[in-house]
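# Coordinate analysis (summary)
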Amino acid sequence: MKKTRIPVQLVWAVVGICVLPSLLNLLGVDFGSPSQTLDAPLGNTTKGEIIDVMHYTLSGSFTHTILEWSAFCTAIFTVILSLIHFYLKGDVVTLIIGVALFSAGCMDAFHTLAADRLIQGVADNHNLIPFTWAICRLFNALILLGGTSFFLIVQPRKWKGGIGLVVVASLLCGIIAFWFVSICAHSATLPKTIFPNSIVTRPWDLAPLLLFIFAGLVVFPRFYYKYPSLFSHALVISIIPQVATQLHMAFGSKELFDNHFNIGHFLKIITYLVPFLGLSLDYIRTYREQADTAKQLKQAMGVFSSILTESR
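Right, let's walk through the structure included here. Since this is a predicted model, take the numbers as computed values, not measurements.

Once that is clear, we can look at the nonpolar core. If you look at the biggest cluster of nonpolar residues, it comprises 57 residues, and the most contacted ones within it are Met 107, Leu 128, Phe 151, Phe 220 and Phe 223. For this core, the secondary structure elements donating two or more residues are helix H3 (59-89), helix H4 (92-115), helix H5 (125-153), helix H6 (162-185), helix H7 (206-226), helix H8 (230-237), helix H9 (239-251) and helix H10 (259-311). Counting residues per element, this core draws most heavily on H4, which supplies 14 residues. Among the nonpolar cores identified, the runner-up in size contains twelve residues, and Val 14, Ala 244, Ile 263 and Ile 270 belong to it.

Scanning all chains against the criterion turns up three salt bridges. For Glu 68, the salt bridge goes to Lys 268, with nearest N and O atoms at 2.5 Å. On the criterion of sequence distance, the pair formed by Glu 68 in helix H3 and Lys 268 in helix H10 is long-range, its members being 200 residues apart. Note that Asp 108 is salt-bridged to Lys 268, the shortest N-O span being 3.2 Å. Here Lys 268 lies in helix H10 and Asp 108 lies in helix H4, a separation of 160 residues in the sequence.

Here the focus is unusual backbone geometry. The phi dihedral of Arg 117 falls on the positive side, at around 65 degrees, and the residue is not glycine. Relative to the helices and strands, Arg 117 is located in the loop between H4 and H5. Even without being a glycine, Phe 257 presents a positive backbone phi close to 65 degrees. Relative to the elements of secondary structure, Phe 257 occurs in the loop between H9 and H10.

Cut-off values and rules
Residues numbered from 1 in each chain as written. Predicted model: local features only at pLDDT ≥ 70, side-chain atom pairs only at ≥ 80, totals over all residues. Heavy atoms only, no water. Core = buried A, V, L, I, M, F, W, Y, C linked by side-chain atoms within 4.5 Å. Buried < 20%, exposed > 50% of the residue type's maximum accessible area, 1.4 Å probe, protein only. Helix = DSSP H or I, 4+ residues; strand = E, 2+ residues; numbered from the N terminus. Salt bridge = Lys/Arg side-chain N within 4 Å of Asp/Glu carboxyl O.

Just distances and angles here, no functional claims.
The following block contains the structure:
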């Protein structure tokens, strides 16, 4: 079982990354994007100065886009590795979980495109961003729980769906994600999700928080013990930043692009990065095992050749 566990140093590194922003907050560091209003006297400024003012005004939105897109790109790398892993080993378990992570990443990507108005809509961003964020996190938790629970019930060797069913399921998840975000973007009235004067500032983020806690305590550990691998163990470890992300959003963030908002979005990148690192370590281990096997075979062939030579 030791060979299928993430190195303890990496686990502590993940814990340290999750705790570090809060410690830096105690030292006075603020990770929020400064909110500026567009109040420049347009008649007395040049075109270049107006563009600069607009860039400073939109700095929070730019930061949000970079963080979200980084998470989506990491999900792309993970699903590519899982596809390669499937074709090399026929491991459908890793493929399904990789696709689930990618589907969650697609939901995040559509959420970002809507926030940046690349998906056209009429919804106010102050309602659209936090509402679609909460739905994306709920989708993330549900699809990961669904993927892992599926293999706790069904044995892979009995599964006859094939790669075609995986592709169809992935496209279906992507269509559903785009459809839902598009509906939200075109809705003139969205539910209020931020309550800055409450203890729970974002109550909509409690549902994914509870689901991730349930996954980390019950589902993912069972999935790991049934299918032990570095990737499935990394999925368990990824619950640490998942829960940390939700804590920052549900109990900390009071407005768009504030300190806890940006920390939560940064930690979400780690939630995608940990499974990617687990799958990468699995590749490294497989390569080393193959190299050791080839070396032992070469040594055995050398000994056999020596015996044949002596017998002659």
